[in-house]
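Each chain, written out:
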Amino acid sequence: MLQPEPTVGDTSWFTRDRFGLFIHWGLYALPARHEWVKHKEEIPDEVYEKYFKYFDPDLYDPGLWADAAAGAGMKYFVVTTKHHEGFCLWDSKLTEYKATNTPYGKDLLRPMVDAFRSRDLRVGFYHSLIDWHHPHYLVDPYIGPYRNAEDRAAMNEGRDQMKYADYLHGQTRELLTEFGDVDILWYDFSYPQRGPEGKGRDAWRSDELVKLVRELRPNIILNDRLDLPDTPGAWDMKTPEQFQPRRWVHVDGKPVVWEACQTFSGSWGYHRDEASWKSVEQLLLMLIDSVSKGGNLLLNVGPTGRGEFDERALDRLSGMGAWMKRHGRSIYGCTQAPAEFACPQDCRLTYNPTTRRMYIHVLAWPFRHLHLYGQAWADRVEYCQLLNDASEVRAKGLEQWQENLGGEAGEDEPSVTLSLPIRKPDNATIPVIEVFLKE
Ligand code: GLC
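Cut-offs applied
- Residues numbered from 1 in each chain as written.
- Predicted model: local features only at pLDDT ≥ 70, side-chain atom pairs only at ≥ 80, totals over all residues.
- Heavy atoms only, no water.
- Helix = DSSP H or I, 4+ residues; strand = E, 2+ residues; numbered from the N terminus.
- Rg over C-alpha atoms; globule rule 2.2 N^0.38 Å.
- Buried < 20%, exposed > 50% of the residue type's maximum accessible area, 1.4 Å probe, protein only.
- Near = heavy atom within 4 Å.
- Polar contact = N/O pair within 3.5 Å; in protein donor to acceptor, adjacent residues only side chain to side chain.
- Areas by Shrake-Rupley, 256 points an atom, 1.4 Å probe, with all protein chains shown as cover.
- Nonpolar A, V, L, I, M, F, W, Y, C, P; charged D, E, K, R; others polar.
- Core = buried A, V, L, I, M, F, W, Y, C linked by side-chain atoms within 4.5 Å.
- Domains from an automatic or database assignment.
- Contact = heavy atoms within 4.5 Å.
- Pairing = 2+ DSSP bridges.
- Axes fitted to C-alpha atoms, helices over the stretch in contact; angles between N-to-C directions.

1. Let's talk about the overall build of the protein
Then step 1. What the protein contains, in helices and strands, is 13 helices and 16 strands.
Then step 2. Taking 439 residues into account, the globule formula puts the C-alpha radius of gyration at 22 Å, and the protein, at 24 Å, falls close to it.
Then step 3. Expressed along its principal axes, the backbone C-alpha trace of the protein runs to roughly 85 × 45 × 40 Å.
Then step 4. The buried share among the 439 residues of the protein stands at 57%.

Here it is, written out as structure tokens:
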């Protein structure tokens, strides 16, 4: 069975819990047309300032957010303490560009951390390396609102990127010392490959930053966006974004801890007009698909400027929760199935190595029979049931199956054939068959 490479941070809980909530929240909730709006529409600081002036999420109640996440079956969350726009959700001593200085006037992060912890969710911080507001961040042509070279040259006069790096390190220290035991740190992102003014490990002093993080929180899980791909111990997990990998993510030929991050509709920040919302079924399939390849799913909500999850998000979360309530057993503690078990047609397999149970997720409901081919299935299947209601699914070996059809099955490969109800179970968006294996 495949196991991920060992990590410096503690990933043991992470590879068990599998499902988390990403939260992108900042001033960009007000324009409500993508968290990159400042870059996309080339909005200069003085114009973007209006969102700071009017930011007042009066309906914010993080207890409701934590309930929605827990209800969906999520076990951890990762929130944008600061996104690329530079605005900070907590009362940082190192900047005035923070929630406490908006009309709302209060720290947004601390009550969120408390609410999620009180529902037993683990805590993760996303923190942007990029900063479109800090006075010492060197403005570059690739990322940020300033495309005109002359404007940039004038703006960069007197800027010192190392002073920005000090700020980044200082804020990291605040985040990792003032909020108790933070479980995940998610930096975003480096772009040295974009050109001569691109930013990577030197712009952030990444080596030093990793040392600081490991020293302050030895168990923390660190993501992979500090531009230190080859430095041992500089990252714990890979973070494929907005796509599902073809197979378990490998680095240098070895499987690693990984987590796909995904949106409901494309934008990470609240987007009022986006129409490409994924269905509950599609989202569940992304979760199942990740676990079947040894990975996690971090699914994002962009709360509104009033401080709420909108109806579309709540609808998806509760739909996933209804499935998770009965099918969480095929997700938590599960991973990729051992290679000797061939995946049946139109299915995804997950496997719990502790309980030795296999989970067959049936993506397209077949007519009456599901065939499990190969010696491993033939030798090891002991008992099968539908997971939604624990109703028995009868299994026949090849001989019985042949006999059953008067010898007309035309099969000689070792196999097990499962007898399914004609109708797909009503309360299972994606039905799962739980298979108890013999030793
Ligand atoms: C990106 C984007 C961003 C989002 C993030 C999530 O790199 O810049 O807006 O926060 O990915 O993975």
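2. Side note on the site of the ligand
Then step 1. As a matter of local geometry, the ligand sits amid 14 residues, with His24, Glu35, His83, His84 and Glu241 nearest to it.
Then step 2. The side chain of histidine 83 places a nitrogen or oxygen atom 2.8 Å from an oxygen atom of the ligand.
Then step 3. One nitrogen or oxygen atom from the side chain of aspartate 188 is found 3.2 Å from an oxygen atom belonging to the ligand.
Then step 4. Within the complex, 94% of the 310 Å² of free accessible area of the ligand lies under protein.
Then step 5. For the shell around the ligand, the per-class residue count stands at seven nonpolar, three polar and four charged.

3. Here we look at the nonpolar core
Then step 1. Counting residues in each nonpolar core, the largest one holds 97 residues, and the members touching the most others are Trp25, Met112, Phe116 and Phe125.
Then step 2. Looking at this core, you find at least three residues from each of domain 1 (14–330) and domain 2 (347–437).
Then step 3. Apart from the residues within four sequence positions on either side, methionine 112 is in contact with Ile23, Trp25, Tyr60, Pro62, Trp65, Phe77, Val79 and Leu89.
Then step 4. Judged by nonpolar contacts, the second largest core, of 23 residues, contains Cys347, Trp377, Val416 and Val435.

4. Digging into the sheet that holds strand β1 (residues 19–23)
Then step 1. Pairing is parallel across the open sheet formed by seven strands, whose spatial order is β5-β4-β3-β2-β1-β9-β8. Each having just a single partner strand, β5 (221–222) and β8 (259–262) make up the two edges of the open sheet.
Then step 2. Pairing of strand β3 (residues 122–128) with strand β4 (residues 184–188), which is carried by five bridges, proceeds in the parallel orientation. Within the sheet, the bridge partner assigned to tyrosine 126 lies in β4 and is tryptophan 186.
Then step 3. Those strands touched by helix α10 (residues 280–292) are β1, β8 and β9 (296–301), and its axis lies near 150° from that of β9.

In short, geometric facts, not functional conclusions.
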